[in-house]
Amino acid sequence: MALTALAWGIFFVWIGLSWIATEYYGFPMDAYIAFGVGIILIGLNAARVGLGLKLSKFSLFIGVVALVFGGTALIGFKLPLWQTIILLIGLFIIAEAAASLTKSK
């Protein structure tokens, strides 16, 4: 629970700082916000695994989506939203199947 609260706190600080930067400097921060949210959510799940806790597949998925969209936007490439989400869902399903096949051996 403390990890989740910590992640939420970092999330709100990141959003607040990004909005301040947008207002103060007039610089669009959308890609940085998405990238930062992805890092926060993936970091939260890495911490969970490191502490022997169960990772959240939902927050990991949202983190990967945010990281991919933010990262590609930062390098100037725009991904189509729904097609990319469908692709990532498929990759998660494949990863789950591969993990279960490995565990059953």
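As a starting point, this report considers the structure included with it. (Residues numbered from 1 in each chain as written. Predicted model: local features only at pLDDT ≥ 70, side-chain atom pairs only at ≥ 80, totals over all residues. Heavy atoms only, no water.)

## Re helix α2 (residues 30-50)
So, point 1. Taking 1.5 Å per residue as the helical rise, α2 with its 21 residues ought to reach 30 Å, and the 30 Å between its terminal C-alpha atoms agrees with that figure.
So, point 2. Within α2, the full set of buried residues consists of A31, I33, G36, V37, G38, I40, L41, L44, N45 and R48.
So, point 3. With its phi angle positive at about 80°, G52 sits one or two positions after the end of α2. (Helix = DSSP H or I, 4+ residues; strand = E, 2+ residues; numbered from the N terminus. Expected span 1.5 Å × (residues − 1). Buried < 20%, exposed > 50% of the residue type's maximum accessible area, 1.4 Å probe, protein only.)

## Here's the deal with a nonpolar patch on the surface
So, point 1. On the surface, V13, L17, I20, Y24, Y25, F27, Y32, F35, I39, L74, I75 and F77 cluster together into a nonpolar patch covering about 1,300 Å² of accessible area.
So, point 2. Every element with two or more residues in the nonpolar patch is listed here: α1 (2-25) and α2.
So, point 3. Of all the elements, α1 adds the most residues to the nonpolar patch, at 5 residues.
So, point 4. With respect to the secondary-structure elements, F35 resides in helix α2.
So, point 5. Since its relative accessible area comes to 32%, F35 is described here as partly exposed. (Patch = residues over 30% accessible without salt bridge, like charges linked within 9 Å, V, L, I, M, F, W, Y side chains within 5 Å. Areas by Shrake-Rupley, 256 points an atom, 1.4 Å probe, with all protein chains shown as cover. Salt bridge = Lys/Arg side-chain N within 4 Å of Asp/Glu carboxyl O.)

## Description of the nonpolar core
So, point 1. Counting residues in hydrophobic clusters, the biggest one holds 7 residues: I15, A21, M29, I33, V37, L41 and A66.
So, point 2. Elements that contribute at least two residues to this core include exactly α1 and α2.
So, point 3. For this core, the element with the highest residue contribution is α2, accounting for 3 residues.
So, point 4. Look past the residues within four positions of I15 in its chain and what remains in contact with it is I33 and V37.
So, point 5. By size, the runner-up hydrophobic cluster in this structure holds 6 residues, among which are V65, F69, L79 and I85. (Core = buried A, V, L, I, M, F, W, Y, C linked by side-chain atoms within 4.5 Å. Contact = heavy atoms within 4.5 Å.)

By themselves, these figures tell us nothing about what the structure is for.
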